[in-house]
Amino acid sequence: DEHENNDTGSITLKVPTDNNDGTQQNHKLRLKWYRFQPSLLQDMGRADIILCHAGAGTLLEALAIRRQQHHPPIINAVINSTLMNNHQSE
């Protein structure tokens, strides 16, 4: 964990994948999380995958970054259906 705050952290995992020749190769997957960050733009610009709630501001920033990059991140919005009458599904 690279931060002292319990609401933030990171972990690196080794993920095995099968090659076409029957061998396996390990890839590193680094996960970083935090409860609050003043700006997400720098982290989104470095991300391969953006996992977020379906907040309009976050989704608009993520879409703007996708348009700027040659290898844009995958955006996966997770809706919290118990929050405020499921307003995120709209």
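**Details of the environment of Pro-73**
Alright, step 1. For Pro-73, the position within the fold is in the loop between helix H2 (56-68) and strand S4 (74-78).
Alright, step 2. Given the relative accessible area of 0%, Pro-73 is considered buried.
Alright, step 3. In this view, Pro-73 contacts Met-44, Ala-47, Asp-48, Ile-49, Ile-50, Ile-65 and Arg-66; residues no more than four positions away in its chain are not counted.

**Things to note about the pattern of salt bridges**
In a structure, side chains of opposite charge can pair up when their charged atoms sit close to one another.
Alright, step 1. Under the definition given, this model contains three salt bridges.
Alright, step 2. One salt bridge connects Asp-43 with Lys-32, and the closest N-O pair in it is separated by 3.5 Å. Taken together, the residues span a long stretch of sequence, with Asp-43 in helix H1 (residues 41-46) and Lys-32 in strand S2 (residues 24-34) at a distance of 11 residues.
Alright, step 3. Since its relative accessible area comes to 15%, Asp-43 is described here as buried.
Alright, step 4. Here the salt bridges share partners, and the residues they tie into one network are Lys-32, Asp-43 and Arg-46.

Cut-offs used in this document
- Residue numbers here run from 1 along each chain, matching the order of that chain's written sequence.
- Local features in this predicted model are restricted to residues whose pLDDT is 70 or higher, and side-chain atom pairs enter the listing and the counts only when it is 80 or higher, whereas totals over whole chains, interfaces and linings include all residues.
- Hydrogens and waters are ignored; side-chain quantities use all the structure's heavy atoms.
- Only runs of H or I of at least four residues qualify as helices and only runs of E of at least two qualify as strands under DSSP, and these elements are numbered from the N terminus.
- Exposed residues in this analysis have more than 50% of their type's maximum accessible area, buried residues have under 20%, and partly exposed residues fall in between, with area computed by a 1.4 Å probe over protein chains only.
- Residue contacts follow a heavy-atom distance rule, with two residues in contact if any of their heavy atoms lie within 4.5 Å.
- Throughout this description, the term salt bridge denotes a Lys or Arg side-chain nitrogen within 4 Å of a carboxyl oxygen of Asp or Glu.

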